[in-house]
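Listed below are the residues making up each chain.
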Amino acid sequence: MRRDMDDQIVLEYEISPDDFTRAGEASSDVKSKLKQLGVSPEAVRKVAIAMYEGEINMVIHAKGGKITVTITPEAITMILADQGPGIPDIDLAMQAGYSTAPDAVRALGFGAGMGLPNMKKYSDDMKIETELGVGTTITMVVNV
């Protein structure tokens, strides 16, 4: 955890591809730090759910990536950036239940097609930037 020049707290996490044993560690760590900072339970809950869903998506679909969380008195911003395959059809991917997760991932209990819909539901603002073959960056904001 570091503070930048604007007295924001910035947290950075590297997400490993296909590592389901560690999936969720970053979102758990952020949840714990937000509680320590006295952030409201509702905001902590929203951040934990939105970030967990994004983290799992990075493990399943994107060959891992990097999550940067910026905490200010006004908002928590999560930027999830990967170099995965990109999202061919964002509208389709946003539909609850739509999933491209392989059967092996589904057998582990993941890949139900609720990741992106839940990320949107539990963030106050969400933006998806994606380019096929290059990767995806999702920015989510939860107001405090």
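All of the points below concern the structure found in this document. (Residues numbered from 1 in each chain as written. Predicted model: local features only at pLDDT ≥ 70, side-chain atom pairs only at ≥ 80, totals over all residues. Heavy atoms only, no water.)

1. A closer look at the overall build of the protein
Within the protein one finds five helices and six strands. The helix and strand sequence of the protein, counted from the amino end, reads β-β-α-α-β-β-α-α-α-β-β. For the protein, whose C-alpha radius of gyration is 15 Å, the value lies close to the compact-globule estimate of 15 Å for 144 residues. Dimensions of the protein along its principal axes, counting C-alpha atoms only, are 40 × 30 × 25 Å. For the protein, the proportion of its 144 residues judged to be buried stands at 47%. Contacts in the protein between residues far apart in sequence, at least 24 positions, make up 60% of those at least 6 positions apart. When the accessible surface of the protein is totalled, it reaches about 7,800 Å², and 50% of it is carbon and sulfur. Here the protein carries 14 positive and 21 negative side-chain charges, and the mean point of each set is 5 Å from the other. (Helix = DSSP H or I, 4+ residues; strand = E, 2+ residues; numbered from the N terminus. Rg over C-alpha atoms; globule rule 2.2 N^0.38 Å. Buried < 20%, exposed > 50% of the residue type's maximum accessible area, 1.4 Å probe, protein only. Contact = heavy atoms within 4.5 Å. Areas by Shrake-Rupley, 256 points an atom, 1.4 Å probe, with all protein chains shown as cover. Lys, Arg positive; Asp, Glu negative; His and termini not counted. Charge placed at Lys NZ, Arg CZ, Asp CG, Glu CD.)

2. Some details on the packing of helix H1 (residues 25-36) against helix H2 (residues 41-61)
Orientation of H1 relative to H2, taken along the N-to-C sense of each, is 165°, at an axis distance of 8 Å. Considered as vectors, H1 and H2 are oriented roughly antiparallel to each other. For the pair H1 and H2, the crossing hand works out as right-handed. Between H1, through Glu-25, Ala-26, Ser-27, Val-30, Lys-31, Leu-34 and Lys-35, and H2, the contact on the second element is made entirely by Val-44, Val-47, Ala-48, Met-51, Tyr-52 and Glu-55. Grouping the amino acids of the contact of H1 with H2 by side-chain chemistry returns eight nonpolar, one polar and four charged. (Axes fitted to C-alpha atoms, helices over the stretch in contact; angles between N-to-C directions. Parallel < 35°, antiparallel > 145°, perpendicular 65-115°, else oblique. Left-handed = near helix turned anticlockwise from the far one by under 90°. Nonpolar A, V, L, I, M, F, W, Y, C, P; charged D, E, K, R; others polar.)

3. Observations regarding the nonpolar core
Grouped together as the largest cluster of nonpolar side chains are 36 residues, with contacts concentrated most on Tyr-13, Val-69 and Met-78. Of all the elements in the fold, those that place two or more residues in this core are strand S2 (9-15), H1, H2, strand S3 (65-71), strand S4 (75-81), helix H5 (115-121), strand S5 (125-131) and strand S6 (135-143). With nine residues, the single largest contributor to this core is H2. When residues no more than four places from it in sequence are discounted, the contact partners of Tyr-13 are Ala-26, Asp-29, Val-30, Lys-33, Met-51, Gly-65, Lys-66, Ile-67 and Val-69. (Core = buried A, V, L, I, M, F, W, Y, C linked by side-chain atoms within 4.5 Å.)

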